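# Observations on the model geometry
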There are 2 protein chains.
Amino acid sequence: LARQLDFLLELDRAKSVLRRSYLADASRREDDAEHMWHAAVAAVVLAEHSNEPLDVPRLMTMLLVHDVVEIDAGDTFIYDPGYATSGRAEREKAAAERIFALLPPDQACYFRALWEEFEARETPEAHMAAAIDRLLPVLLARSSGGQAWREHGVSERQVREANSHVREGSAALQEVVDAVISDVVSRGLLPGR
Amino acid sequence: LARQLDFLLELDRAKSVLRRSYLADASRREDDAEHMWHAAVAAVVLAEHSNEPLDVPRLMTMLLVHDVVEIDAGDTFIYDPGYATSGRAEREKAAAERIFALLPPDQACYFRALWEEFEARETPEAHMAAAIDRLLPVLLARSSGGQAWREHGVSERQVREANSHVREGSAALQEVVDAVISDVVSRGLLPGR
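What comes next is a walk through the structure. Worth saying up front: this structure is predicted, and the values here are computed from it rather than measured.

### Points about the overall build of chain A
- Secondary structure summary: chain A contains 11 helices and two strands in total.
- Listing the helices and strands of chain A from first to last along the sequence gives α-β-β-α-α-α-α-α-α-α-α-α-α.
- Against the compact-globule benchmark of 16 Å for 193 residues, chain A has a radius of gyration of 17 Å, which places it among compact chains.
- On the principal axes, the C-alpha backbone points of chain A span a range of 55 × 35 × 30 Å.

Shown next as structure tokens:
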């Protein structure tokens, strides 16, 4: 129990890791804890749109912890030029090693495996988790007037590419994402290709 | 799907409802979304300490939405003198009516019933949800040096009373809460009785 409480207190730091996304009302950027909460609620609400049958509690738990590694590794913007080559994967792996090991061994293994499953994006739950993890920032981007994308000089082509694997989890959510991007473009809030 | 997305966007506002609790590092107050995330993770980690066998996914989902009514009703501090008589229950009921009804009818009923179950505190899941909902602010209060309690002139007696029903959900967590309160008192961070 002492180890479990240490883990929960350590996780408090996710509330201080800022993402690039703004809240829907554009008042400020959201943090990792808020994003993981929003994603876990979306898991319950949107699970029925998964292409494949899935284990909803597993999906929820995966989304509840999918970004805790950023406590150590920091948030990485998917549109950053060095996204794939900046050592992000190594930093996040080391973070997972440290943070989940705060738990008793059985729970440490469970969460660590769940996080690796999310990163590998090969199971139905991981496909759907990735879809929700992309859908929410796109919805927030529309509501907040495309602010995060503009601030970082992101183009429509980049947004479409980065969000094209939503279909692996849910064809229905891919349609939503595509329509939202088109809407933002049509309102002149994203530069052309 | 359109209704589900409306609901998820409406829930974004929970990120702007500030609670009285400070983050563990005392840098600022936490918001409802962060608290619900923390509580849902705690549900997974601490479920084994429940007095009674319970449905963990149900507990997680209950905690993921237990405070969304505060989007309309606002956060109420359990130590406020008028806590029980301020019309809080009526405001929250109206909020639940409005917010969950954004969803398709089957999901609206499901979430609405889950929230009412949380409020009624009669099932094993609701007992454990209440225990976790009390445990986390007590842990944060210790880490942040008792700031929230001091700011509101809360006494040791009030804190002990307000956190005495943790035992309904978990005898083990009640012991933790009692020990943490004693620790805060022994460090002179809470006025005596």
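And the narrative resumes.
### Some details on helix H5 (residues 88–100) of chain B
- In this model H5 of chain B runs 18 Å from its N-terminal to its C-terminal C-alpha over 13 residues, within 8% of the 18 Å that 1.5 Å per residue would give.
- Each element contacted by the buried residues of H5 of chain B is listed here: helix H1 (2–11), helix H3 (56–65), helix H4 (70–73) and helix H6 (105–120) of chain B.

### Comments concerning the interface of chain B and chain A
- If you look at the interface, chain B gives 46 residues, while chain A gives 46 residues.
- When chain B packs against chain A, close to 3,800 Å² is buried across both sides, 73% of that on carbon and sulfur atoms.
- Interface area lost by chain B to chain A is led by Leu8, Lys15 and Trp37 of chain B, which between them contribute 20%.
- Two residues, Asp31 of chain A and Arg28 of chain B, come together in a salt bridge whose shortest N-O distance is 3.4 Å.
- In this assembly, chain B and chain A are joined by 24 residue pairs in polar contact (both at pLDDT 80 or more).
- Within the residue set of the side of chain B that touches chain A, elements represented by two or more residues are H1, strand S2 (29–31), helix H2 (32–46), H3, H6, helix H7 (124–143) and helix H11 (171–186) of chain B.
- Within the side of chain B that touches chain A, the residues separate by chemical class into 31 nonpolar, seven polar and eight charged.

### Structural notes on the nonpolar core
- Of all hydrophobic cores here, the largest spans 122 residues; its most connected members are Trp37 and Leu64 of chain A together with Trp37 and Leu64 of chain B.
- Once residues within four sequence positions are removed from consideration, Leu64 of chain B is found in contact with Trp37, Ala40, Val41, Val44, Met60 and Leu64 of chain A together with Met36 and Ala40 of chain B.

### Considerations on the packing of aromatic side chains
Residues and elements named next belong to chain B.
- A complete count under the given rule lists 10 aromatic pairs over all chains for this structure.
- Summarising the aromatic geometry, the rings of Phe100 and Phe111 are spaced 6.2 Å apart at their centres and angled 10° between planes, so their arrangement reads as stacked. In this pair, Phe100 sits in helix H5 while Phe111 sits in helix H6, placing the two residues 11 residues apart along the sequence. For the pair Phe100 and Phe111, a shared accessibility class is recorded, and that class is buried.
- Ring centres 5.3 Å apart and planes at 70° place the aromatic pair Tyr110 and Phe111 in the edge-to-face group.

### Regarding the relation of the copies chain B and chain A
- Expressed as a screw operation, the relation of chain B to chain A combines 0.0 Å of axial shift with a rotation of 180°, fitting to an RMSD of 0.0 Å. On this basis, the relationship between the two copies can be described by a two-fold rotation axis.
- A shared interface surface links the copies, since 100% of the contact residues of chain B are contact residues in chain A too.

### Focus: the environment of Thr76 of chain B
All names here are of chain B.
- Structurally, Thr76 can be placed in the loop between H4 and H5.
- A relative accessible area of 14% means that Thr76 is categorised as buried.
- As a C-alpha pair, Thr76 and Arg20 span 56 residues in sequence and 8.7 Å in three-dimensional space.
- If we ignore the near neighbours within four places in the chain, the residues touching Thr76 are Arg20, Glu70, Tyr83, Arg88, Arg91 and Glu92.

### Here we look at the pairing of strand S1 (residues 18–22) of chain A
Residue and element names in this part refer to chain A.
- Where burial is concerned, most of S1 is hidden: four out of the five residues are buried.
- One ladder, built from two bridges, connects S1 with strand S2 (residues 29–31); its direction is antiparallel. Across the sheet, residue Leu18 finds its bridge partner in S2, namely Asp31.
- Here S1 hands over to S2 after six residues, with Ala26 in that stretch at a positive phi of 65°.

### A short note on the pattern of salt bridges
- Inspection of every chain in the model, using the stated rule, returns 38 salt bridges over all chains.
- Between Glu30 of chain A and Lys15 of chain B there is a salt bridge, with the nearest N and O atoms lying 2.7 Å from each other. With Glu30 of chain A in strand S2 and Lys15 of chain B in the loop between H1 and strand S1 (18–22), this residue pair bridges two chains.
- With relative accessibility at 1%, the residue Glu30 of chain A sits in the buried group.
- Salt-bridge contacts for Arg58 of chain A lead to Glu117 of chain A; the nearest nitrogen and oxygen are separated by 2.4 Å. You can see Arg58 of chain A sitting in helix H3 (residues 56–65) and its partner Glu117 of chain A sitting in helix H6 (residues 105–120), a full 59 residues away along the chain.
- We classify Glu117 of chain A as buried; its relative accessible area is 12%.
- Several salt bridges converge on common partners, so that one network encompasses Asp12 and Lys15 of chain A together with Arg19, Glu30 and Asp67 of chain B.

### Describing unusual backbone geometry
- The phi dihedral of Arg121 of chain A is positive, around 55°, even though this residue is not glycine.
- Here Arg121 of chain A lies in the loop between H6 and helix H7 (124–143).
- Residue Arg121 of chain A is classed as partly exposed on the basis of its relative accessible area of 30%.
- At Ala26 of chain B, a position not held by glycine, the phi torsion is positive, near 65°.
- Positionally, Ala26 of chain B belongs in the loop between S1 and S2.

Reading the values: the criteria
Residues numbered from 1 in each chain as written. Chains lettered and ligands numbered in written order. Predicted model: local features only at pLDDT ≥ 70, side-chain atom pairs only at ≥ 80, totals over all residues. Heavy atoms only, no water. Helix = DSSP H or I, 4+ residues; strand = E, 2+ residues; numbered from the N terminus. Rg over C-alpha atoms; globule rule 2.2 N^0.38 Å. Expected span 1.5 Å × (residues − 1). Contact = heavy atoms within 4.5 Å. Buried area = accessible area lost by both parts, 1.4 Å probe. Salt bridge = Lys/Arg side-chain N within 4 Å of Asp/Glu carboxyl O. Polar contact = N/O pair within 3.5 Å; in protein donor to acceptor, adjacent residues only side chain to side chain. Nonpolar A, V, L, I, M, F, W, Y, C, P; charged D, E, K, R; others polar. Core = buried A, V, L, I, M, F, W, Y, C linked by side-chain atoms within 4.5 Å. Buried < 20%, exposed > 50% of the residue type's maximum accessible area, 1.4 Å probe, protein only. Phe/Tyr/Trp six-rings, centres within 6.5 Å; stacked < 30°, edge-to-face > 60°. Least-squares fit on C-alpha atoms with pLDDT ≥ 70 in both. Pairing = 2+ DSSP bridges.

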